[in-house]
Amino acid sequence: MPQLNILVGTMYGGALDVAEQVKPLFEQAGFAVNIVEQPTLDDLTSHEDLSLFVLSTTGSGDFPGNFVPFVRSLKDTSPALTELRYGMIALGDSSYGDTYCGAGRALDALLEDHGARRLGDRLEIDAMETFMADDAALPWVETWIEEQQLKVA
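From a predicted model like this one, the values you see are computed outputs, not experimental measurements.

Chemist: Teacher, can you tell me more about the packing of aromatic side chains here?
Modeler: Two aromatic rings are characterised by how far apart their centres lie and by the angle between their planes. Under the definition given, this model contains 8 aromatic pairs. Centre to centre, the rings of Phe63 and Phe67 are 6.2 Å apart; their planes meet at 20°, and the pair counts as stacked. In this structure, Phe63 and Phe67 share a single accessibility class: buried. Of the aromatic side chains, those joined through ring pairs into one cluster are Phe53, Phe63, Phe67, Phe70 and Tyr86.

Here it is in structure tokens:
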């Protein structure tokens, strides 16, 4: 059974709520799912498994406090992540202009710099347009799962 780690960066619980709402979709698709609220580099999955990042942006494009140690460790150790395959759900507020979904965009660039491969497009959920983030996340995850199964087959 393939493993999926959902690594969550949240300030007020919105990203964690999204992770909990999408978890059953992955379980129905045959994944063993682990939601990680205090991620470390050890939580990154290997080549046969997947990671999903669900990340909210705080302040002016900043990472949530629970995610800062993970990002710092990633920057400090510069691991090769060529086997990491992942999806990205970024939560933000477009009223913040240039820093909208800044944490998700920054993490995406950092992972790419380390050789990781994002599968599919990054989902950016705008709090100005979507009151309940899972309303956008659930259909995206359903499509994302279908696309990844087609690529595996």
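Further notes follow.
Chemist: Whenever I open this one, unusual backbone geometry confuses me. Can you help?
Modeler: Backbone phi values are negative for most residues with the exception of glycine, while trans is the configuration of most peptide bonds. Backbone geometry places Ser78, a non-glycine residue, at a positive phi of 45°. On the secondary structure map, Ser78 appears in the loop between helix 2 (68–77) and strand 4 (85–92). You will see that Cys101, though not glycine, has its phi angle at about 55°, which is positive. Note that Cys101 resides in the loop between strand 4 and helix 3 (102–113). On the accessibility criterion, Cys101 (1% relative accessible area) is buried.

Chemist: Could you clarify how one ought to interpret the pattern of salt bridges in this entry?
Modeler: Pairing between side chains of opposite charge can happen when their charged atoms approach one another. Under the counting rule described, the total for this entry stands at 5 salt bridges. For the salt bridge of Lys23 with Glu27, the shortest nitrogen-to-oxygen distance reads 3.7 Å. With Lys23 and Glu27 both in helix 1 (residues 14–28), this residue pair falls 4 residues apart, about one helical turn. According to the relative accessible area criterion, Lys23 is partly exposed, its value standing at 25%. The salt bridge involving Arg122 is made with Asp108; its shortest N-O contact spans 2.6 Å. Placement of Arg122 in the loop between strand 5 (117–118) and strand 6 (123–126) and of Asp108 in helix 3 is noted, with a sequence separation of 14 residues between them. Classification of Asp108 by relative accessible area gives buried; the value is 3%. What you see here is one network of salt bridges that share partners, running through Arg105, Asp108, Arg118, Arg122 and Glu124.

Chemist: Please clarify how the side chain of Thr10 should be interpreted in this entry.
Modeler: Mapped onto the secondary structure, Thr10 falls in the loop between strand 1 (3–9) and helix 1. A polar contact of 3.4 Å, which involves the side chain of Thr10, links it to the backbone nitrogen of Gly14. Setting aside anything within four residues of it in sequence, one finds Thr10 in contact with Ala15, Leu16, Ser56, Pro64 and Asn66.

Chemist: Is there a simple way to explain the nonpolar core in this structure?
Modeler: Note on soluble globular proteins: their nonpolar side chains tend to be buried together. Counting residues in each nonpolar core, the largest one holds 26 residues, and the members touching the most others are Ile6, Phe26, Leu52 and Ile89. If you list the elements that add at least two residues to this core, you get strand 1, helix 1, strand 3 (50–56), strand 4, strand 6 and helix 4 (133–152). In terms of residue count, helix 1 provides more of this core than any other element does, 7 residues in total. Every residue in contact with Leu52, bar those within four places of it in the chain, is listed here: Leu4, Asn5, Ile6, Leu7, Val22, Phe26, Gly87, Met88, Ile89 and Trp140. Phe53, Val71, Ala103 and Ala116 belong to the second-largest nonpolar core, a separate cluster that totals 18 residues.

About the thresholds
Residues numbered from 1 in each chain as written. Predicted model: local features only at pLDDT ≥ 70, side-chain atom pairs only at ≥ 80, totals over all residues. Heavy atoms only, no water. Phe/Tyr/Trp six-rings, centres within 6.5 Å; stacked < 30°, edge-to-face > 60°. Buried < 20%, exposed > 50% of the residue type's maximum accessible area, 1.4 Å probe, protein only. Helix = DSSP H or I, 4+ residues; strand = E, 2+ residues; numbered from the N terminus. Salt bridge = Lys/Arg side-chain N within 4 Å of Asp/Glu carboxyl O. Polar contact = N/O pair within 3.5 Å; in protein donor to acceptor, adjacent residues only side chain to side chain. Contact = heavy atoms within 4.5 Å. Core = buried A, V, L, I, M, F, W, Y, C linked by side-chain atoms within 4.5 Å.

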